[in-house]
Amino acid sequence: QVQLVESGGGLVQPGGFLRLSCEVSGSIFSIYTVGWYRQSPGKQRTLVAAVAASGDTRYGDSMQDRFSIYRDNAKNTTYLHANNLTPDDSAVYYCNAVVRAISGTAHTMYWGQGTQVTVSS
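Since we're looking at a predicted model, the values are computed, not measured.

Caption draft 1: Region of interest: the sheet that holds strand β1 (residues 3-7). The sheet built from four strands is open, its strands ordered β1-β3-β8-β7 with antiparallel pairing. Edge strands, defined here as strands with exactly one partner in the open sheet, are β1 and β7 (67-72). On average, each strand axis in the sheet is inclined to that of its neighbour by 15°, with strand direction left out of account. Two strands pair when backbone bridges link them, and β7 and strand β8 (residues 77-82) are joined in this way by six bridges, in the antiparallel orientation. From the neighbouring strand, Arg-71 faces β8, where its bridge partner is Thr-78.

What follows is the structure, encoded as structure tokens:
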């Protein structure tokens, strides 16, 4: 089965840096898009950044200055670089991928389990 595994979250001080990783594994034919989203308690899940197979990127509102997304196709891994973090960035960060499995032709959306990011002194 297709699985998305996130890593890299944790506790970081304000102004700090984190690098989140999302690895897609399983019987995969191709990965079309990969995105990072975040959600805080009581708030909606919002887009941070997404990248297509072509390398084209899309960022959520006010995200492009401090976040960047990079896709390593050889490792089926997508990274989110988060810079100059503030307490408002604290959230559970989720990886999302649209994947075509070897078993079929349909595109299926998958979500990871999420990784907690806490920005605090």
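Caption draft 2: Structural context of the nonpolar core. Within the largest apolar cluster, 28 residues are counted, with the highest numbers of intra-cluster contacts made by Val-24, Trp-36, Val-48, Phe-67, Leu-80 and Tyr-93. For this core, the elements supplying multiple residues, two or more each, are β3 (18-25), β4 (28-39), β5 (46-52), β7, β8, β9 (91-101) and β11 (115-119). With five residues, β9 is the largest single contributor of residues to this core.

Caption draft 3: Quick peek at the pairing of β4. As paired strands, β4 and β9 are joined by 10 bridges and run antiparallel to one another. Residue pairing for β9: Ser-30 is matched across the bridge by Arg-100. For β4 and β5, the ladder comprises six bridges, and the chain directions are antiparallel. Each residue of the ladder has a partner; that of Thr-33, found in β5, is Ala-52. Counting the residues that bridge the hairpin from β4 to β5 gives six residues, and of these Gly-42 lies at a positive phi of roughly 80°.

What counts as what
Residues numbered from 1 in each chain as written. Predicted model: local features only at pLDDT ≥ 70, side-chain atom pairs only at ≥ 80, totals over all residues. Heavy atoms only, no water. Pairing = 2+ DSSP bridges. Helix = DSSP H or I, 4+ residues; strand = E, 2+ residues; numbered from the N terminus. Axes fitted to C-alpha atoms, helices over the stretch in contact; angles between N-to-C directions. Core = buried A, V, L, I, M, F, W, Y, C linked by side-chain atoms within 4.5 Å. Buried < 20%, exposed > 50% of the residue type's maximum accessible area, 1.4 Å probe, protein only.

These figures come from the coordinates and say nothing about function on their own.
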